[in-house]
Amino acid sequence: MDAPPLPDDPRDWPADPFALLGVPRSVSEADLKRAYTRLIRKYKPDHAPDEFRRIREAYEAAIEMSRWYRDAPPHAPDVAPPFPAVTFSTPVPEAASAAPDPVARPGAGRPPADPIAAAWADAGRGAFADAYAALLAVEREGSNRADVPLRLYWLLALRPALDADRTRHDWLALALTRAGLGGPAVELYRRELATTSDALYGPYAALLDHPGAHGPALLALAGLRLDAAAAHECWTKIELDLEALARRVRDLDEVLWLDYLANVIGRIACRQPSVALQCTPLLANLKHLELRHPEAFDRIDRDWTLAELWTRSLLVPEPIRRAVAFGWGPGRRGPLRAVAEWARAAPAEALRKCDQVNGQETPLLAVFAQILEAHRDEGGPWDEFPPELVRGLVRARLAPALRVLYAQVRPEVLQFLLAERIDPSELVAACAVDGEPLVRTFAARVREDGALALVYRAATAFG
């Protein structure tokens, strides 16, 4: 990559350090150094000292700012703070600096600078300690602005050592309460919850008791906490949040409250029924909504039925049982990924274990198939093979298997489908119209083989 073309006059160079260096903000440190090296080869300090100084300033500022992308703490949200563009100093000729301002009037003063904006500009230049000290001073003076703790949160997310007494979580919790559990802080909190269970504890523990929060905001935040607590299996936290909301039931919208309780049951009824049962007396007070919102009550009945089925389905392979326990909730991706790894590691063994499931336990496999289907739909359509290519592969690779009892070659068929990434439904659609009766019969057997399709789709759930 060539050095970015820069104007001959350094005063016309970009103020943004990344633009000056000709790199994106997500640049790696190695590429950033390469861009800097290319430029200083052209603008050497001996021959172009001003240009070299500008390039050096840009490089140092870009190094600091790019750490928002690379060197942030492991649990820091993957969002860049809205720092202002960095403006670099440009030498001002002595005569120009001495010239009087033609607009100025005697006694006219400049408007006072906003200390928050000035501090944030310091952060944009990489002076994080100065920015943090200035914002902390504003906060200590009694500022009630919600953006001040948000900015302090960002600075501690990047540089935890700036404050020995606080963490970024202290500032984010304050930003949430100051904004009535709404505003931009909610998205940052959602990202924290998705990364660490720490976001359920400490300064966040009493968020749902905040008196300044309105009902919808309260339940929206409670829903985020529920998803995180269910994913991390923090059952006590779900109990405490239920108790906190029950104390404020008069402040809550009944329909949203019903939806929240239905979500609690759906997330944890299989894994922690004793906690889910605590929703029963709370739902009894919402029975008058059953005619207007039957779908919520149907969902609750479905999830309790599933929990009963899950409890007695002991022959179902454990990875599949765990995935079903998480249901359709946001935390299902981890268990689904574990099922995919299990099925890929030993597909024939996974097929054998699914074959052992029978009688009253088979509905649990059907529920798992629905969860897999929902997961596949979220990923969008997959690339399908042309039918003639599928038929050709079947004839070339499975010719001997077509003349053997299907039950004997199922593991071989599964391995073939996984190796070629052909979904069983694709094979059935392509081969059902083949001119060869053996191929059509084979397609009919695959169509009836629900366990084979289940294991294939589990193994390929993540590509």
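So, here is what we can say about the structure in this document.

The rules behind the values
Residues numbered from 1 in each chain as written. Predicted model: local features only at pLDDT ≥ 70, side-chain atom pairs only at ≥ 80, totals over all residues. Heavy atoms only, no water. Helix = DSSP H or I, 4+ residues; strand = E, 2+ residues; numbered from the N terminus. Buried < 20%, exposed > 50% of the residue type's maximum accessible area, 1.4 Å probe, protein only. Contact = heavy atoms within 4.5 Å. Areas by Shrake-Rupley, 256 points an atom, 1.4 Å probe, with all protein chains shown as cover. Salt bridge = Lys/Arg side-chain N within 4 Å of Asp/Glu carboxyl O. Phe/Tyr/Trp six-rings, centres within 6.5 Å; stacked < 30°, edge-to-face > 60°. Lys NZ or Arg CZ within 6 Å of the ring centre and 35° of its normal. Core = buried A, V, L, I, M, F, W, Y, C linked by side-chain atoms within 4.5 Å. Patch = residues over 30% accessible without salt bridge, like charges linked within 9 Å, V, L, I, M, F, W, Y side chains within 5 Å. Lys, Arg positive; Asp, Glu negative; His and termini not counted. Charge placed at Lys NZ, Arg CZ, Asp CG, Glu CD. Axes fitted to C-alpha atoms, helices over the stretch in contact; angles between N-to-C directions. Parallel < 35°, antiparallel > 145°, perpendicular 65-115°, else oblique. Nonpolar A, V, L, I, M, F, W, Y, C, P; charged D, E, K, R; others polar. Expected span 1.5 Å × (residues − 1). Polar contact = N/O pair within 3.5 Å; in protein donor to acceptor, adjacent residues only side chain to side chain.

### What to know about the overall build of the chain
- Within the chain, the regular secondary structure consists of 24 helices and zero strands.
- For the chain, buried positions account for 45% of its 463 residues.
- Within the chain, contacts between residues separated by at least 24 positions form 70% of all contacts whose residues are at least 6 apart in sequence.
- Accessible area for the chain stands at about 23400 Å²; split by element, carbon and sulfur atoms hold 55% of it.

### Re the pattern of salt bridges
- In this structure the tally under the stated criterion is 27 salt bridges.
- Members of the salt-bridge network, linked through shared partners, are R145, D147 and R151.

### What about the packing of aromatic side chains?
- Enumeration according to the criterion identifies six aromatic pairs in this entry.
- On the basis of an interplanar angle of 65° and a centroid distance of 5.3 Å, the ring pair of W13 and Y43 is categorised as edge-to-face. Of this pair, W13 sits in the segment before α1 (17–21) while Y43 sits in the loop between α2 (29–42) and α3 (49–70), placing them 30 residues apart in sequence. Of the two residues, W13 and Y43, both sit in the buried class.
- Its end group placed over the ring of W310, R321 keeps NZ or CZ at 4.0 Å from the ring centre.
- Residue placement shows R337 over the ring face of F462; its charged tip is 4.0 Å from the ring centre.

### Observations concerning the nonpolar core
- W257, Y260, F368 and L427 are the most contacted members of the largest nonpolar core, which totals 123 residues.
- When residues of this core are assigned to their parent elements, the largest contribution, nine residues, is made by helix α10 (residues 215–232).
- Of all hydrophobic cores here, the second largest spans 19 residues; its members include L20, L32, Y36 and A58.

### Brief notes about a positive patch on the surface
- A surface patch of like charges, here positive, comprises R333, R337, R344 and R421.
- Examined against the element boundaries, R333 turns out to sit in helix α17 (residues 333–345).
- The partly exposed category is assigned to R333, whose relative accessible area is 42%.

### Brief notes about the packing of α10 against helix α12 (residues 254–268)
- Contact geometry of α10 with α12 gives a least axis separation of 10 Å together with a crossing angle of 0°. Compared by their axis directions, α10 and α12 come out roughly parallel. Here P216, L219, A222, G223, L226, D227 and A230 of α10 lie close against α12, whose contacting residues are L256, W257, Y260, N263, V264, R267 and I268.
- Here the residues of the contact of α10 with α12 sort into 10 nonpolar, two polar and two charged.

### A look at the environment of L306
- Inspection of the secondary structure assignment puts L306 in helix α15 (residues 294–312).
- Sequence-wise, L306 and C270 are 36 residues apart; in three dimensions their C-alpha atoms are separated by 7.5 Å.
- Residues contacting L306, with those up to four places away along its chain left out, are C270, V324, L364 and V367.

### Here we look at unusual backbone geometry
- Phi at L181 is positive, roughly 60°, even though this residue is not glycine.
- Looking at where L181 falls in the secondary structure, it is placed in the loop between α8 (168–178) and α9 (184–195).
- The phi dihedral of R421 is positive, around 55°, even though this residue is not glycine.
- Classification of R421 as partly exposed rests on a relative accessible area of 36%.

### Points about helix α19 (residues 362–378)
- Helix length check: α19 (17 residues) gives 25 Å between terminal C-alpha atoms against 24 Å at 1.5 Å per residue, within 8%.
- Considered for burial, the residues of α19 that qualify are L364, L365, V367, F368, I371, L372, H375 and R376.
- Against α15, α16 (318–326), α17, α18 (347–355) and α24 (450–459) lie the buried residues of α19.

### Concerning the side chain of D163
- Take D163: it is sitting in the loop between α7 (147–158) and α8.
- Taking relative accessible area as the criterion, D163 reaches 8% and is therefore assigned buried.
- Within polar-contact distance, the side chain of D163 engages the side chain of R166 at 2.8 Å.
- Leaving out residues up to four positions away in the same chain, D163 has contacts with Y132 and L156.

### Observations regarding α12
- When the terminal C-alpha atoms of α12 are compared, their 21 Å separation across 15 residues agrees well with the 21 Å that a helix rising 1.5 Å per residue should span.
- In this structure, the buried residues of α12 make contact with α10, α11 (235–247), α13 (273–276), α14 (279–284), α15 and α16.
- The N-cap of α12, judged by a side-chain oxygen 3.0 Å from the amide nitrogen of V255 a few residues on, is D253.

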